[in-house]
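# Structure assessment
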Amino acid sequence: MKNYKEMIVQSFPVAVAYIFLGVTFGVLFASKGGSIGLSFIISVTTFAGAAQFLSLEYFGTDFHTLEFFLAIFILNIRHIGYGLTAIKKFGTWDWRKVYMIWGFTDENFGMLQINNYEEKKSIFKIFLINHFYWVFGCTLGAAVGKNINVKGLEFALTSLFIILFFESLKNVKKEFSEG
Amino acid sequence: MTNNFMFAVILCLGTISTRFLPFIFEKKLMNISKYNRVNSILIAFLIGYIMLRSIFDFQNESEIKIKILASVVVVIIYKTTRNIFVSILLGTSIVVLGLNYLSGAIL
């Protein structure tokens, strides 16, 4: 089982991207009249980058509940695919599994592919570390407001996914060459 | 206050419902996840989708060009050095400099 120190090093690209994307969300959320407390609560309970950014369109308006729910649901529909790939890895039902499903973001899905975690405890730990980065970023962003320039730093995550994509193509080739 | 509460609840429900869905039917879906080929294709497809979305989403043409250039650099550096950290650092630096140059923040 990997320790926290090792995992913090592994999660560095996610940390850079999450903190700066989180700050961007917090800044935009505050500019729409959102409070630091609500930014913190949303990032803790939702933990979803794209959905949180989409939700900014609805925040502070007289949104239709069903329309808002469907918009978020459709945006996140790819998570059904992520879940399919992790059914075996997440194992039997317990509180850790519930949290891992809850926090199964694009980036956590990426971390699972790049690091071959065998134990449920390791997966839980890395998800928890990444969740911390996200909550920290969102709360900080709402606190500092517009006084910070974060443009372009989110590309750290894109770079990670470019590398992951090449690695996953290699796996596909390997699967087919093995017959 | 009620509106903010509803906002947080709907946002949370909309997100976690998609995440829990495959696990609610996991017994039925277990057979699919046993096939390594299906799994590896699904993973490649999903990662490819996220990658393309993060390069092309919500950008103007100049920003997309910078991101494509940086993506090519990431691929070349990663293929030659196999170093994830250096590849990410260089790619991100190009995008940060490029976007700040475009917005007039530098020069």
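Conventions used here
Residues numbered from 1 in each chain as written. Chains lettered and ligands numbered in written order. Predicted model: local features only at pLDDT ≥ 70, side-chain atom pairs only at ≥ 80, totals over all residues. Heavy atoms only, no water. Helix = DSSP H or I, 4+ residues; strand = E, 2+ residues; numbered from the N terminus. Expected span 1.5 Å × (residues − 1). Bend = angle between axes of the 7 residues up to and from the residue. Buried < 20%, exposed > 50% of the residue type's maximum accessible area, 1.4 Å probe, protein only. Salt bridge = Lys/Arg side-chain N within 4 Å of Asp/Glu carboxyl O. Phe/Tyr/Trp six-rings, centres within 6.5 Å; stacked < 30°, edge-to-face > 60°. Lys NZ or Arg CZ within 6 Å of the ring centre and 35° of its normal. Disulfide = S-S within 2.5 Å. Patch = residues over 30% accessible without salt bridge, like charges linked within 9 Å, V, L, I, M, F, W, Y side chains within 5 Å. Areas by Shrake-Rupley, 256 points an atom, 1.4 Å probe, with all protein chains shown as cover. Axes fitted to C-alpha atoms, helices over the stretch in contact; angles between N-to-C directions. Parallel < 35°, antiparallel > 145°, perpendicular 65-115°, else oblique. Left-handed = near helix turned anticlockwise from the far one by under 90°. Contact = heavy atoms within 4.5 Å. Nonpolar A, V, L, I, M, F, W, Y, C, P; charged D, E, K, R; others polar.

### Examining helix H6 (residues 78-90) of chain A
Since the α-helix turns once every 3.6 residues, residues separated by three or four places project in the same direction. Residue and element names in this part refer to chain A. For H6, spanning 13 residues, the distance from its first C-alpha to its last is 18 Å, which sits close to the expected 18 Å at 1.5 Å a residue. Remark: the principal bend of H6, roughly 40°, maps to leucine 84. H6 sits mainly inside the fold: ten of its 13 residues count as buried. Every buried residue belonging to H6 is among Arg78, His79, Gly81, Tyr82, Gly83, Leu84, Thr85, Ala86, Ile87 and Phe90, and all of these are buried. Looking at the residues trailing H6, positive phi occurs at glycine 91, about 65°.

### What about the pattern of salt bridges?
Where charged atoms of side chains with opposite charge meet at close range, the side chains can pair. Residues and elements named next belong to chain A. Counted by the stated rule, this structure contains five salt bridges over all chains. Among the salt bridges present, the one from aspartate 106 reaches arginine 78, with a minimum N-O distance of 3.0 Å. With aspartate 106 in helix H8 (residues 106-114) and arginine 78 in helix H6, the pair connects residues that are 28 residues apart, well separated along the chain. Overall, the relative accessible area of 6% leaves aspartate 106 in the buried class. By relative accessible area, arginine 78 is classed as buried at 9%.

### Quick word on the packing of aromatic side chains
Under the defined criterion, the tally for this structure stands at 23 aromatic pairs over all chains. Three or more aromatic residues joined by ring pairs make a cluster, and in this case those are A:Phe25, A:Phe29, A:Phe53, A:Tyr58, A:Phe59, A:Phe63, A:Phe68 and B:Phe7. Sitting over the ring of A:Phe124, A:Arg96 keeps its end group 5.5 Å from the ring centre. One Lys or Arg, A:Lys97, reaches over the ring of A:Trp93 and ends 4.5 Å from the middle of that ring.

### So, the state of the cysteines
Throughout the structure, instances matching the rule amount to zero disulfides over all chains. Counting only cysteine sulfurs, B:Cys12 is the nearest neighbor of A:Cys138, a cysteine outside any disulfide, at a range of 14 Å. Note on A:Cys138: relative accessible area 0%, which makes it buried. With relative accessibility at 11%, the residue B:Cys12 sits in the buried group.

### Details of the environment of A:Val9
Here A:Val9 lies in helix H1 (residues 4-10). Between the C-alpha atoms of A:Val9 and A:Phe63, which are 54 residues apart in sequence, the distance is 41 Å.

### Side note on a nonpolar patch on the surface
Side chains of A:Phe12, B:Phe85, B:Val86, B:Leu89 and B:Leu90 sit close together on the surface and give an oily, nonpolar patch of about 420 Å² of accessible area. The dominant element in the nonpolar patch, judged by the number of residues it contributes, is helix H5 (residues 84-102) of chain B, at four residues. Within the secondary structure, A:Phe12 is located in helix H2 (residues 12-31). Overall, the relative accessible area of 38% leaves A:Phe12 in the partly exposed class.

### Remarks on the packing of helix H7 (residues 95-102) of chain A against helix H9 (residues 120-144) of chain A
All names here are of chain A. In the contact formed by H7 and H9, the axes pass within 10 Å of each other and the chain directions differ by 45°. When the axes of H7 and H9 are compared, the pair comes out oblique. H9 is crossed by H7, and the crossing has left-handed handedness. Contacts between H7 and H9 involve Trp95, Arg96, Lys97, Tyr99 and Met100 on the former and, on the latter, Lys120, Lys121, Ile123, Phe124, Phe127, Leu128 and His131. Across the contact of H7 with H9, the residue classes break down as seven nonpolar, one polar and four charged.

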